[in-house]
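Each chain is listed here by its residues.
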Amino acid sequence: MVLKEKIAARSVRLALAVLAGAATLSGNAVAQEQIQKVEITGSAIRRIAVEGALPVQRLSQEQIAKSGATSVAELIQALPSMQGFTIDAIAAGTNSGGRVSASIHDLGEDYTLVLLNGRRVAPQGSGSTINLNAIPMSAVERVEILTDGASALYGSDAIAGVINFILKKNLQGGTIEATYSQPGESSAGTQYNVNATYGFGDLAKDRFNVMASFRHDERKQVKALDRDFADTAYIPFSNNGNNYIYDRTSPAAIPANVSATFNKAGSQPIGFNPYQKKNGNCAPMNQLALSNTALVQNCGFDFVQTIEIVPENKRDSFFGKATFKASDNLSVFAEAAYSRLDLTARIAPNTASVSIAKNSPLYNTYVKPYMTAAQDADVKAVTASYRTYDWGTRDSRTITDSKHFVLGAEGELGAWNFGTGLTWSKNAIDERYVGGYVKNAEFRDMLAKNLFDPFLGIGAQSDATRQLIANSVYQGSIRDASTTLKGIDARASRELIALPGGPAAIALGGDYRDYHYEQSPHATSADIFGFSASPAYDLQRANYGVFTELSAPVHKTVELTAAARYDTFNAVKNALAKREMGKKESSSTYKVSARWQPTPSFLARGSYGTGFKAPSMLDIGQPLVTAGFTASSWDCPANLKAENADYCQVGKRQYNVISGGNENLKPEKSKQFSVGFRYEPSSTFSVQADLWDVKMRDAVSSVSELQIFGDPVKFRDLFTTFVDPGNNQTYWAKKTLSVNIGQTHNQGVDWETTYRHRFAFGNLTSVLNGTYLIKSDYTKAGTQDDWTSSMNYFGLNDKVAFRHIVRLGTTLDTGKFSNTLTANYRNGYTDAEAESRNLATNKLEKFRLEVPSHLTFDWQGKWQVSKQVGLRAGVKNIADRNPPFSLRASSGHQVGFDPRYADPLGRTFYMTGNYQF
């Protein structure tokens, strides 16, 4: 069967559409005129849909429904071709606010362009990363995913590819749908959504159409204590026949630990826990820290028992579109999209570093009794490392508003098909503290008047102090930030001369975009104890580009396509500094591709192109600002200790992180190619594969924490000092600076096989697809040719690149009933290096675990009760597989598993009801 006749029946994940060239298969001009020409992701030329020269995955409405996905992020991030994205669970411990993203082929979210109806939406932050929460899922008609670079058409941030969410249009009638989902283990993690969509008016008959879609989602949080694989930071485990304890407990404890330094040169600081000294054991929710030494005997607080591993959220989204056919050749439209995500992340109670004055009541009661007379006489400073448990967990509520408006026109002008639009889009966040953070003045007053004792256990404060605590919890916004996009675009295409394979076609286009990033702080260290205020920003940059594309069917079996683009990025305007930062950058990119179809059943294709990406505004314009803490705890580096031991933390501790930009950053540039085939010998079987390869140079990143602390002499310039706003003491801190870190090389194969069989009682369709990574290489920071890899290995970039991600979906359709069974596979890998105590030898050992592979099965059944009513029910993770055990210490506060690579919800049941009218 001819390939173009089967586009509607393409497989679940990789249904392909044309990207390069006018249709050449039929050779019948009259027949081609009767088939509507469309513009498909990856090409600006309108054409008849056939297999093209570039690989595009297409997800239809039915395929989206069969996936069981409850959000756009869940849908996209489950695709085998996606790796390296951001999940909302890392909001537990970061200021991501629940941002979720897409990343094609592990190249990164900054290199994956997300479009809404073919146009850009405002990113979250100063770069190009799109929060997928901004996409109104109930209005999505289909998704097209170009898994090849497209910088020559779309601009600089499409190096990895493009994801285009195409929304419903010219809709008549309505749909009401509701879904309820609950894990089998408990009600923790329960989700539900309701949505309604309605449209009226027919463009062909009435010359107008108006449609609107609304959806509401809610999800309950999941606490670490709700899952036994995630409920402690003090983990016993076995490896290679030995029993170990992994200790991620925190030295900021309740009751507090004490750190003391001394005046005499060469004197070593000491640490101890007064409660443990008095009672012989640590208080509840604490363990004797396994990192202790002869001089440091801390109790470690098990903070994991207080955190949530999946955050609570609510989301409302709306999409509306009105189209008017002004003439037979011209349509004008206005569309609006709005989403509001309200996410609350709860993590461990805050840490407080409290200075204890010598000879104060606290000193005389809790410190002096456990010092020698010589230490007491020579003491320089004493600090209590305290966990403000009685104030409650740190609750951060982030409200993200995404607004998107487009006013446009499309149609025909003579021989030209054209489209143009004005876009205004804004992504804004308001981060609020709603629990657990301590008011500065009230807390300091309590300490000064001895109204609060940091060395008492949980709930041991007096009734009067408890009331003071309740009155000293900070409530309010700490910052708001927004990115506004204003743009205009235009493109047109037409046929040119006749060639042996059909008419050649050309497309021309251009776009102009202005990005404005702002951030305003609303709280300082004067408001919140130990708080470092967010910096203020007012950054703006414009960029513009022009492109052309030419397709040439030089033979009835061969079609060639070439595209070229020229982009210019202006310097960053820093309104607060009243100057421009960085410099104006321009670059040209190109792409050439070809498709060869010698028979109706076989297609070969290939492409080669270049890419160019300018640094984000913050990569260029961010001053040195506080950015949290290191993911792991570290001993003070010896060279820093020799410089100034007073700046060292006592014992193994997390160090503050200071981040900043770099005005001298160069643009990143890439070269990529793809080559592949599709073979469909019969209507029952098809196979396809595409090899892709992307090389980047001058990649913008930063030196990792592991590298810096692993070689603090080499990276001495990446250490600075930080004054703790809680106790006003100076400590060493790590700098994270944007640098052109070197080169990257990613390579792999996207593949798929499809099998169909018709039985007397129904139709069976089985699709096996996956991505096989061949390379995930990058040069180490500070080098140009010292290569390393994250392939099946937790690398210096704090992540894993999986060689095999595979999905098998089998559907049996029997009239009104349909059943789909899906298997999801991800291979094992070598975990991050971690230090654990061998219980047999009582010694600390550093090693890397081998994390096993992860395989889950999902089932969904569908019953089409009538033309109007449909029901779906399903089970995700049928076997209730727990996430694989991991000792990684980055990307969120979860311990014992990596939330980026496995879902902690477990076996989950869901049901969906749909009514059309």
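Our subject is the structure that appears above.
Below you will find a few notes about this structure.

**Concerning the overall build of the protein**
Counting its secondary structure elements, the protein contains 12 helices and 47 strands. In the protein, which comprises 917 residues, the proportion classed as buried is 58%. Pairs at least 24 apart in sequence give 72% of the contacts found in the protein among residues at least 6 apart. Counting every atom, the protein has about 35800 Å² of accessible surface; 54% of that belongs to carbon and sulfur.

**Here's the deal with the packing of aromatic side chains**
Summed over the entire model, instances satisfying the criterion amount to 36 aromatic pairs. Relative to phenylalanine 885, the ring of phenylalanine 237 has its centre 5.4 Å away and its plane inclined at 50°; by these criteria the two rings are tilted. Here phenylalanine 885 lies in the loop between β46 (869-876) and β47 (908-916) and phenylalanine 237 lies in strand β10 (residues 234-239), a separation of 648 residues in the sequence. With a centroid separation of 6.0 Å and an interplanar angle of 85°, the aromatic rings of tyrosine 433 and phenylalanine 531 are classed as edge-to-face. One end of the pair, tyrosine 433, is in strand β23 (residues 416-435); the other, phenylalanine 531, is in the loop between β25 (502-521) and β26 (537-555), and 98 residues separate them in sequence. For the pair formed by tyrosine 433 and phenylalanine 531, the shared burial category is buried. Ring pairing ties together the aromatic residues Tyr198, Phe200, Phe208, Tyr915 and Phe917, which thus form one cluster. Directly above the aromatic system of phenylalanine 802 lies the positively charged group of arginine 826, at a separation of 4.6 Å from the ring centroid.

**So, unusual backbone geometry**
In this model, isoleucine 254 is joined to proline 255 through a cis peptide bond whose omega is -5°. Residue position: proline 255 is located in the loop between β11 (242-247) and β12 (257-262). Although it is not a glycine, arginine 207 sits at a positive phi angle of roughly 70°. With respect to the helices, strands and loops of the structure, arginine 207 is situated in the loop between β7 (191-200) and β8 (208-219).

**Some remarks on the pairing of strand β35 (residues 685-701)**
Counting buried positions along β35 yields 12 of 17 residues, so the element is predominantly enclosed. Examined bridge by bridge, strand β34 (residues 668-682) and β35 share 12 bridges and lie antiparallel to one another. Following the sheet pairing, phenylalanine 673 is matched in β35 by aspartate 693. Where β35 meets strand β38 (residues 739-758), 16 bridges bridge the pair, whose relative direction is antiparallel. Note that in β38 the partner of glutamine 688 across the bridge is glutamate 752.

**Notes on the sheet that holds strand β13 (residues 270-272)**
What the 5 strands build is an open sheet, ordered β15-β13-β12-β21-β20; its pairing is mixed. The open sheet has two free edges, formed respectively by β15 (296-297) and β20 (351-355), since each of these has just one partner strand. Where β12 and β13 come together, 3 bridges link them in antiparallel fashion. Bridge pairing links valine 258 to phenylalanine 272 in β13.

**Notes on the pattern of salt bridges**
Taken as a whole and assessed by the stated rule, the structure comprises 39 salt bridges. Lysine 368 serves as the salt-bridge partner of aspartate 376, at 4.0 Å between the closest nitrogen and oxygen. Take aspartate 376: its relative accessible area is 15%, and that puts it in the buried class. Arginine 479 is the partner of glutamate 431 in a salt bridge, and the nearest nitrogen-oxygen pair spans 2.6 Å. Of the two residues, glutamate 431 sits in strand β23 while arginine 479 sits in strand β24 (residues 476-499), which places them 48 residues apart along the sequence. Residue class for arginine 479 comes out buried when judged on its relative accessible area of 8%. What emerges from the salt-bridge pattern is a single network uniting Arg58, Glu141, Arg142 and Glu144.

**As for the sheet that holds strand β32 (residues 625-629)**
If you trace the 4 strands from one edge of the open sheet to the other, you get β32-β33-β37-β36, paired in mixed fashion. Every interior strand has two partners, whereas the edge strands, β32 and β36 (719-723), have only one. Strand-to-strand twist of the sheet, defined as the mean angle between neighbouring strand axes without regard to direction, takes the value 45°. Relative to strand β37 (residues 730-737), β36 is paired through 5 bridges, and the arrangement is antiparallel. By the bridge assignment for β37, phenylalanine 719 is matched with lysine 734.

**Section: a positive patch on the surface**
Taken together, the side chains of Lys669, Lys671, Lys695 and Arg697 present a region of like positive charge at the surface. For the positive patch, the secondary-structure elements that each account for two or more residues are β34 and β35. Along the chain, lysine 671 turns up in strand β34. What makes lysine 671 partly exposed here is its relative accessible area of 45%.

**Remarks on helix α8 (residues 440-448)**
Along α8, the positions that sit buried rather than exposed are Asn440, Phe443, Met446 and Leu447. Each buried residue of α8 lies within a common arc of 135° when the element is viewed along its axis, so the set occupies one face. Summarising the contacts, the buried residues of α8 are in contact with β20 and α9 (463-471). Two residues or fewer after α8 comes asparagine 450, characterised by a positive phi angle close to 55°.

**Some remarks on the side chain of serine 402**
By secondary structure assignment, the location of serine 402 is in strand β22 (residues 394-413). Looking at serine 402, its side chain comes within polar contact range of the side chain of asparagine 427, at 3.1 Å. Setting aside chain neighbours within four positions, we find serine 402 in contact with Ala134, Ala337, Tyr338, Ser339, Lys426 and Asn427.

**What about a nonpolar patch on the surface?**
A surface patch of nonpolar side chains, about 800 Å² in accessible area, is lined by Ile176, Tyr198, Phe200, Phe208, Val210, Phe324, Val332, Tyr915 and Phe917. Every element with two or more residues in the nonpolar patch is listed here: β7 and β8. In this structure phenylalanine 208 comes out as partly exposed when scored by relative accessible area, which is 31%.

**Focus on the state of the cysteines**
A covalent bond between the sulfur atoms of two cysteines is what we call a disulfide. One pass over the structure, following the stated rule, counts 2 disulfides. In this model cysteine 282 forms its disulfide with cysteine 299; the gap between the sulfur atoms is 2.1 Å. For the disulfide bridge between cysteine 282 and cysteine 299, the dihedral angle about the S-S bond is near -85°, and by the sign convention the bridge is left-handed. Of the two residues, cysteine 282 is situated in the loop between α5 (274-279) and β14 (286-288) and cysteine 299 in strand β16 (residues 299-301); the sequence distance between them amounts to 17 residues. Judged by relative accessible area, cysteine 299 falls into the buried class, the value being 1%.

**Let's talk about the nonpolar core**
Ranked by size, the top nonpolar core spans 58 residues in total, and within it Met371, Val382, Trp391 and Phe443 carry the most contacts. Ignoring sequence-local partners within four residues, the contact set of valine 382 consists of Val258, Ser259, Ala260, Val354, Ser355, Ile356, Tyr363, Val367 and Met371. Formed by 43 residues, the second largest nonpolar core is a distinct cluster that contains Ala89, Val100, Leu167 and Val694.

**What about the environment of proline 136?**
As for its placement among the helices and strands, proline 136 is situated in the loop between β3 (119-120) and β4 (140-146). Separated by 64 residues in the primary sequence, proline 136 and valine 72 have C-alpha atoms spaced 8.1 Å apart. Not counting chain neighbours up to four residues away, the residues in contact with proline 136 comprise Leu116, Leu167, Ser317, Phe318 and Phe319.

Calculation rules
Residues numbered from 1 in each chain as written. Predicted model: local features only at pLDDT ≥ 70, side-chain atom pairs only at ≥ 80, totals over all residues. Heavy atoms only, no water. Helix = DSSP H or I, 4+ residues; strand = E, 2+ residues; numbered from the N terminus. Buried < 20%, exposed > 50% of the residue type's maximum accessible area, 1.4 Å probe, protein only. Contact = heavy atoms within 4.5 Å. Areas by Shrake-Rupley, 256 points an atom, 1.4 Å probe, with all protein chains shown as cover. Phe/Tyr/Trp six-rings, centres within 6.5 Å; stacked < 30°, edge-to-face > 60°. Lys NZ or Arg CZ within 6 Å of the ring centre and 35° of its normal. Pairing = 2+ DSSP bridges. Salt bridge = Lys/Arg side-chain N within 4 Å of Asp/Glu carboxyl O. Axes fitted to C-alpha atoms, helices over the stretch in contact; angles between N-to-C directions. Patch = residues over 30% accessible without salt bridge, like charges linked within 9 Å, V, L, I, M, F, W, Y side chains within 5 Å. Lys, Arg positive; Asp, Glu negative; His and termini not counted. Charge placed at Lys NZ, Arg CZ, Asp CG, Glu CD. Arc of directions from axis to C-beta. Polar contact = N/O pair within 3.5 Å; in protein donor to acceptor, adjacent residues only side chain to side chain. Disulfide = S-S within 2.5 Å. Core = buried A, V, L, I, M, F, W, Y, C linked by side-chain atoms within 4.5 Å.

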